[in-house]
Amino acid sequence: MIKTTIIGNLVSNPELKEVNGGKKVCVLTIASNRPGKETPDVLRVEVWGKNAENCTSYLKKGSGVAAAGDLDIQLYKKNEETHVSVILKNAEIEFTDRK
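So, here is what we can say about the structure in this document.

Conventions we followed
- Residues numbered from 1 in each chain as written.
- Predicted model: local features only at pLDDT ≥ 70, side-chain atom pairs only at ≥ 80, totals over all residues.
- Heavy atoms only, no water.
- Disulfide = S-S within 2.5 Å.
- Buried < 20%, exposed > 50% of the residue type's maximum accessible area, 1.4 Å probe, protein only.
- Core = buried A, V, L, I, M, F, W, Y, C linked by side-chain atoms within 4.5 Å.
- Helix = DSSP H or I, 4+ residues; strand = E, 2+ residues; numbered from the N terminus.
- Contact = heavy atoms within 4.5 Å.
- Polar contact = N/O pair within 3.5 Å; in protein donor to acceptor, adjacent residues only side chain to side chain.
- Pairing = 2+ DSSP bridges.

## What about the state of the cysteines?
Under the counting rule described, the total for this entry stands at 0 disulfides. Among the cysteines around cysteine 26, which has no disulfide bond, cysteine 55 carries the closest sulfur, lying 4.9 Å off. You can call cysteine 26 buried: its relative accessible area is 0%. A residue is classified by how much of its surface remains accessible, and cysteine 55, at 1% relative accessible area, is buried.

As structure tokens, this is what we get:
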């Protein structure tokens, strides 16, 4: 496993889903700026359990977060082209907005 941390802002509202008999997962899309790069890096993040529910309750598009978890990289073919899927799984989330 590759442990990874990303700090940035949500580009959309959190998506809460139920899978495998009621387990809850929240999918976040986080954008993070890197010095010297014009466009931000964007990463999908999966948060599970009670933390998933908290993300849905307290976060919205534009919210600041720090996420740390396992980087999952998968290759797949679609229409004869190879694509890459990168997701941060089993993430721990810290809310970084100041109130």
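Back to the text.
## Section: the nonpolar core
Within the largest apolar cluster, 16 residues are counted, with the highest numbers of intra-cluster contacts made by Leu28, Ile30, Val45, Val47, Ala67 and Leu88. Of all elements in the fold, only β1 (2-10), β3 (23-32), β4 (41-48), α1 (50-58), β5 (64-78) and β6 (81-95) reach the threshold of two or more residues within this core. What leucine 88 contacts, discounting residues up to four positions off in sequence, is Thr4, Ile6, Leu43, Arg44, Val45, Glu46, Ala67, Ala68, Gly69, Asp70 and Leu71.

## Brief notes about the side chain of serine 63
You can see serine 63 is positioned in the loop between α1 and β5. A distance of 2.9 Å separates a polar side-chain atom of serine 63 from the backbone oxygen of lysine 60. What serine 63 contacts, discounting residues up to four positions off in sequence, is Gly8, Asn9, Leu10 and Asp97.

## What about the pairing of β5?
By the bridge criterion, 8 bridges tie β1 to β5 in an arrangement that is antiparallel. Across the sheet, residue asparagine 9 finds its bridge partner in β5, namely glycine 64. Relative to β6, β5 is paired through 13 bridges, and the arrangement is antiparallel. From the neighbouring strand, alanine 68 faces β6, where its bridge partner is glutamate 92. Here β5 folds back onto β6 in antiparallel fashion, the turn holding 2 residues, of which asparagine 79 has a positive phi close to 55°.

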